[in-house]
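# Structural characterization, general
Listed below are the residues making up each chain.
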Amino acid sequence: MGYVLTTKQANEIFAELSTQYRLFAPKTFGNEGRYSDTGCVRYGEVTCVEDITFDKKSEYSFKEAILPVMQTLFYFTEREVTEPKVDDKKTMIFLRSCDIHAVKRLDEMYYKNGPKDYYYSLLRDNVKFVLIGCEQSFENCFCVSMGTNTTDHYDFSFCKAHDTYEINLKNTEFISLFEKVNASVMEVKVPFVTENDVKVQIPDGLKAKVTSSTIWDEYDSRCIACGRCNFVCPTCTCFTMQDMYYTDNGKVGERRRVWASCMVDGFTDVAGGGSYRKNYGQRMRFKLLHKVYDFKQRNGFHMCIGCGRCDDVCPEYISFSNCINKLPEALKEVDQL
Amino acid sequence: MDINTKKLKKNAFRVTKVRGYTASRIRVPGGHLDVKFLPKIQEIADKFGNGTIHITSRQGFEIPGIPFEKMPEVNLALQSLIEGLEINQDAMNEGYPAAGTRNITACIGNKVCPFACYQTTAFAKRIEKAVFPHDLHFKVALTGCPNDCAKVRMHDFGIMGMTLPQLDPSRCIDCKACVNACKKKSVGALKTENYRPVRNEEKCIGCGECVLNCPNMAWTRSEEKYYRLTLLGRTGKKNPRLGEDFIKWVDEDSIIKIILNTYKYVTAYIDPRAPGGKEHIGYIVDRTGFDEFKKWAMEGVNLPKAAEVTDRIYWSGIKY
Amino acid sequence: MIKNDYIPFSSKILEVIKHTEIEFTFRMEYTADAKPGQFFEVSMPKYGEAPISISGIGENFVDLTIRKVGKVTDEVFEHYTGESLFLRGPYGNGFDVLDYESKEVIVVAGGTGLSPVRGVVEYFYNNPDKCESMTLISGFKSPDDILFSADLEKWKENMEVILTVDSAEEGSRYKTGLVTTYIPKLQIKDKNNVAVVVVGPPAMMRFSVKAFLDLGIAEENIWISQERKMCCGLGKCGHCKIGDVYVCLDGPVFNYVKGKELID
C-alpha cells in the first residue's frame, strides 16, 4: 500500500511516532566534522522530517541505535551487581536497503552465534525499520555485487520526492498512522539502485590459504590501524569489556561493553604479553576474510553488505572493495606454492 | 631627477639599488587570490617593469625594474588589483595609500589544510580591513594551527588557530589514538583515566590532533573558534626574537581590538626621532614597560570566558 | 525472558594453594557441571575479567589456577583474602576424556598449560583401567616455576611422568631440556591407538605437534588447547575469533585436524 505525504502531514506523523519511538535517522551534524568548518552525516535522534539527511550516505551506520558504542551491563558494589534500568521507548530506524541487510548480520551474531545476547535483545526486539530508498548509488557503494541493493524487510518506506514524501507500507500496524493524516493513497515504488560504479567479485574457490598470499603486505605500511573502517561498518560487532569505577578504592562502579576494532592495537592481547596479528596487513586480511569468506563459512551468507563506508572514511585511501578484487590474484599466487 | 623618497615609500614603491628604478609591491591579504588577477600583474611587469616578479616573503608580489617616472601609470594599472583584492584606499588611481603596516600574511588555512582550525585568509582580510592603511610599522601574521607554518611568532602579532576539543564520552572506545597523537605530535596533554582520555586544560594548545585522530568522532571541535595571540616577535639587526604568548583562547573581535589599541599606544609612545619614523613595537614596549602596553592594549576588550592572559611577558631572543 | 549471561555470580574461596610466587590455585565453591579445559571468566570489579581455565573439579568446587600476569590477576592475588570472587561460566568445550579412553594417552604440558589438562591426568590417574597407558610430559622454565608438584609426585604411582625444566642449576634433581626432546623417546606400542593432548605456549605446541606427526601419529589423534583473548565467552565480542572459529565457543580444545587450519 502506498501514500504520498506533504511535509506537514509527514511531520504530524513524526509527532505521533515520537510519543512511542525514538526516531533514529541519518542527520547532518553541522560543525562536527573532523576538519574545521566541516559537518558530518551520522545517525542521531530526529523529531521532524527536515532533520533527516536524505541525499548523502551517513558516515557512521545505524548500528549504534541497537548496538550502542558504549553500553552499561551492570553496576557493581563489592557484593552485588545490578542491571541498569531500561528505557521502555521503542526504536524506529530510518535506513537504506544495504543497512537492512546489515541488521540480519548483527542478528546472526547476537541472536545466534552462541547464546542469545541479553542486552542486544533488549534494544533489538523493539525496533521498527523504515526504508530510505536510493535514487542513485553513492561513491564506493557496491551493494549490487553483494546482493543487498533491494529488500522487502521493512515496516514502511519513507522516500523524499521533491517536496513530498512517498510511503510504501508493509506493516499494516501503521495503517492508522497514515489514515489519520488523510494521506493520499497512491501506488508507490521504492527506488533501488541497480548498478554501482564499484563492482566486486568474490572468487568461488576462496579458501583460508589466501592468508599466506603477499597481497596483504602492502597494507603493512599503508594502513595506520586506526579502526575507522570497523567503527563505520554496519556489520562489525566486536566489543571489549571495561570496568569503570566511581570510587578510588574501586569498590563501586559499572561494567560496560564498548565497540572494539580488530585493526586497533590490543585487540588480541592476552594477559602476560602475547598478541596475534602484529602486522597491519594481517589485520586487513583478518577483517577482509571475515567479511567475505569465513563469516559465510559459518553462517551461510557474506557479512559485508557493500555499503563502502570503510572506503569513504579511510584516511589513507585504502579501498576494501579494491582489495576484494585482488583475491583472484591472491588465490592464483597461493595455488602455485 | 627629483623624487620624494618618503612619499614613494608610503606609496608602496621602494628605492632600489639601481638608480632611477623602483619596484612596486602588491599586497595580498591572507596570501590567497583569484587567478583572474594574475594577468594584470603580468601586464604591469611586462609593460613597466623588467618582465619578472618576485613573490615576496610577505606573500605579495614585487614588480621590479620600474622607472620612477612610470609610477603614476603603474598606480593607474594597480587600481583594478587594489579594488579586486578589497584594499582600503583614500583616493582612487593613486596606488596604495600606505606601506608601513605590512601585508597580513596567512598560511593556507582550512581551505585546504586538515590541521587548520579556521579560514586564515578570511580573518586576515578582516584584520586588513580594520587596520589598513596605516604608516606605522606593524606586522601581523596568521596561521591555522600551532604548527605555525606561517611563522607567526616572528611578527608583532601572531595569530594561531585553536579549537577547544569536546569529548563525548559515550562515543569513546578507548583506542588511545588521541592520547598517542597528542603525545607524539603535540604537547602530551591527554592521559587515559578510567578508559577515557582526560585533557590537561593547562597544557592543551588546542591543536585539534585529538579530533583529527579520533576514529569514532568522540572528540569534536568547539563551535567557537579560538586563537592564541603571540606578541612582539621580530626579525632585524638589533635583537631578533620570537613572539611570546599573550592570550590563549582569545576570540577574533578581541584580537582586532587589541591591534587597533596598539596603534594608539604606538602613536603615543613611538620615538619621534626613529629612523624613517619606523620603530618595532617591541622596542617601544621595552621602554614603557609591559604593564603600560597592556593597559593600552586591553582597553575596552571583552575576552571570552576561556581566555587566559599572561600577566607579564619576558622576551628572550638574540642579543649581540 | 532471555538469560543475562553477563551477570557474574559470587563464589566462595574455599582454599588457596600456593604453587609459586606468582601461581596460586583458588579452590572455588561450585556445584554445577564443568569439564577440564573449560574456563571461567573471573572478575575483579574495577579491573575487569580474565579467562581462567579449570585445573581441577571436585564435588562442590572447581580449582582455578591463576598466574599473576595481568592487571586482573594481580588484583585477584592482592585480594584473595576476601572470601569470594565473581565468576561467569564455565565456557568452552573442554577436553572430552571419552575420546581418549582405552588408548595410549600422552599429555604434553608447557608451563601453566598443565592447569587445563590437570583434570584429564587426574581422570586417568583415578581410572587407570580406562586407558591403555598414560604418559605425562610436563615442562617448566625452571624448578621455581613448577606447578602442582604434589600432584606430579602422586601421579608417578600409576603413570609415566616426565618432569623437565628448560634449565636448572647444576646438580639439580630435575631433568632439563624442552618437552620436545622427550617426545621422540616415547615408547609407543601402537601408533594408531594413541591420544595426544598438547597444551602450552604457541611455539611449544607447534613443535610438540610436529614431533608427534614425525612419529607417525595421525592428526585426528592429536588435540590442542588454544589460548586467546576471551573476553565475553559467549561468541560475541570477537576477540578470540580465528578464521571461522570462535575459540570460546568451539574451543579452546581442538582436534588437530581443525586446529591446524586455525591461522590467526
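Small disclaimer: the values here were computed from a predicted structure and weren't measured.

The rules behind these values
- Here the residue numbers are simple positions, counted from 1 along each chain's written sequence.
- Going through the entries in the order they are written, you letter the chains from A and number the ligands from 1.
- Two thresholds apply to this predicted model, a pLDDT of at least 70 for residue-level local features and 80 or more for giving and counting side-chain atom pairs, whereas whole-chain, interface and lining totals are computed over all residues.
- By the convention used here, strands pair only if DSSP detects at least 2 bridges between them.
- For the purposes of this entry, the term helix denotes a DSSP run of H or I that reaches at least four residues, the term strand denotes a run of E that reaches at least two, and both are numbered from the N terminus.
- The contact rule is simple: place each C-beta atom from the backbone, and if two of them lie within 7 Å, those residues are in contact.
- Once C-beta atoms are placed from the backbone, each residue is buried if 20 or more other C-beta atoms lie within 10 Å of its own, exposed if 12 or fewer, and partly exposed for counts between those two.
- The arc in question is formed by the directions pointing from the helix axis toward the C-beta atoms.
- Residue ranges assigned to each domain were obtained from an automatic or database domain assignment.
- As a working rule, the residues Ala, Val, Leu, Ile, Met, Phe, Trp, Tyr, Cys and Pro are called nonpolar, Asp, Glu, Lys and Arg charged, and the rest polar, with Gly in that last group.
- The span expected for a helix works out to 1.5 Å for each residue beyond the first.
- Lines fitted to C-alpha atoms define the axes here, with helix axes fitted over just the stretch in contact, and angles between the N-to-C directions of these axes take values from 0 to 180 degrees.
- Between 65 and 115 degrees an angle is taken as roughly perpendicular, under 35 as roughly parallel, over 145 as roughly antiparallel, and anywhere else as oblique.

## Topic: the sheet that holds strand β12 (residues 239-245) of chain A
Residues and elements named next belong to chain A.
- Reading across from one edge, β5-β4-β13-β12 is the order of the four strands in this open sheet, with antiparallel pairing throughout. Of all strands in the sheet, those bounded by a partner on one side alone are β5 (81-82) and β12.
- One ladder, built from six bridges, connects strand β4 (residues 70-76) with strand β13 (residues 253-259); its direction is antiparallel. In the strand pairing of β13, T72 is matched with R256.

## A look at unusual backbone geometry
- Backbone torsion omega between F132(B) and P133(B) reads 0°, so that peptide bond is classified as cis.
- By the element assignment, P133(B) lies in the loop between α4 (120-131) and β6 (140-143).
- Here the residue pair G89(C) and P90(C) is connected by a cis peptide bond, since its omega of 0° sits within 30 degrees of zero.
- Looking at where P90(C) falls in the secondary structure, it is placed in strand β6 (residues 84-91).

## Some points on the environment of F29(A)
Residues and elements named next belong to chain A.
- Inspection of the secondary structure puts F29 in strand β2 (residues 21-29).
- Along the sequence, F29 and G39 sit ten residues apart, while their C-alpha atoms lie 5.5 Å from each other.
- Not counting the four nearest positions on each side in its chain, F29 is found in contact with G39, C40 and R42.

## A few points about helix α2 (residues 38-47) of chain B
Residue and element names in this part refer to chain B.
- All of the buried residues along α2 are I41, I44 and A45. Summarising the axial view, the buried residues of α2 lie within an arc of 95°, below the 170-degree limit, and thus occupy one face. Set apart from the buried face of α2 by more than 90 degrees, the exposed residues are P39, E43 and D46.
- For α2, the elements touching its buried residues are β2 (21-26), β4 (61-67) and α3 (71-84).

## Structural notes on the domain arrangement of chain C
All names here are of chain C.
- As assigned here, chain C comprises domain 1 (9-91) and domain 2 (97-259).
- Measuring from the centre of the C-alpha atoms in domain 1 to the corresponding centre in domain 2 gives 21 Å.
- Between domain 1 and domain 2, the contact holds 18 residues from the first and 18 residues from the second.
- Contributions of two or more residues to the side of domain 1 that touches domain 2 are made by β3 (39-44), β4 (48-57), β5 (61-67) and β6.
- For the side of domain 1 that touches domain 2, the class distribution of residues is six nonpolar, eight polar and four charged.

## A short note on helix α2 (residues 114-126) of chain C
- When the terminal C-alpha atoms of α2(C) are compared, their 17 Å separation across 13 residues agrees well with the 18 Å that a helix rising 1.5 Å per residue should span.
- Turning to α2(C), its buried residues are L114(C), S115(C), P116(C), V117(C), R118(C), G119(C), V120(C), V121(C) and F124(C).

## Description of the sheet that holds strand β14 (residues 308-309) of chain B
Residue and element names in this part refer to chain B.
- Read across the open sheet, the six strands follow the order β5-β6-β7-β12-β13-β14; overall the sheet is mixed. The open sheet has two free edges, formed respectively by β5 (105-106) and β14, since each of these has just one partner strand.
- Pairing geometry for strand β12 (residues 226-231) and strand β13 (residues 244-250), over five bridges, is antiparallel. Bridge assignment links L231 to a residue of β13, and that residue is E244.
- Where α4 meets the sheet, it contacts β5 and β6, and its direction lies at approximately 160° from that of β6.

## A few points about the packing of α2(B) against α3(B)
All names here are of chain B.
- It is the contact of α2 with α3, at a shortest axis distance of 9 Å, that shows an interaxial angle of 170°. Classed by the angle they form, the pair α2 and α3 counts as roughly antiparallel. Residues K40, E43 and I44 of α2 pack against V74, A77, S80 and L81 of α3.
- Of the residues assigned to the contact of α2 with α3, the class counts are four nonpolar, one polar and two charged.

## Topic: the interface of chain A and chain C
- Taken together, the contacts link 38 residues of chain A with 33 residues of chain C.
- Elements with a minimum of two residues in the side of chain A that touches chain C: β4, α2 (97-112), α3 (118-124), β12 and α8 (280-299) of chain A.
- Ranked by residue count, the leading element in the side of chain A that touches chain C is β12(A), at five residues.
- Counted by class, the side of chain A that touches chain C contains 19 nonpolar, eleven polar and eight charged residues.

## What about the arrangement of the chains?
- Pairwise contact counts over the two pairs of chains in contact peak for chains A and C.
- With no contact between them, chain B and chain C keep their nearest C-alpha atoms 9 Å apart.

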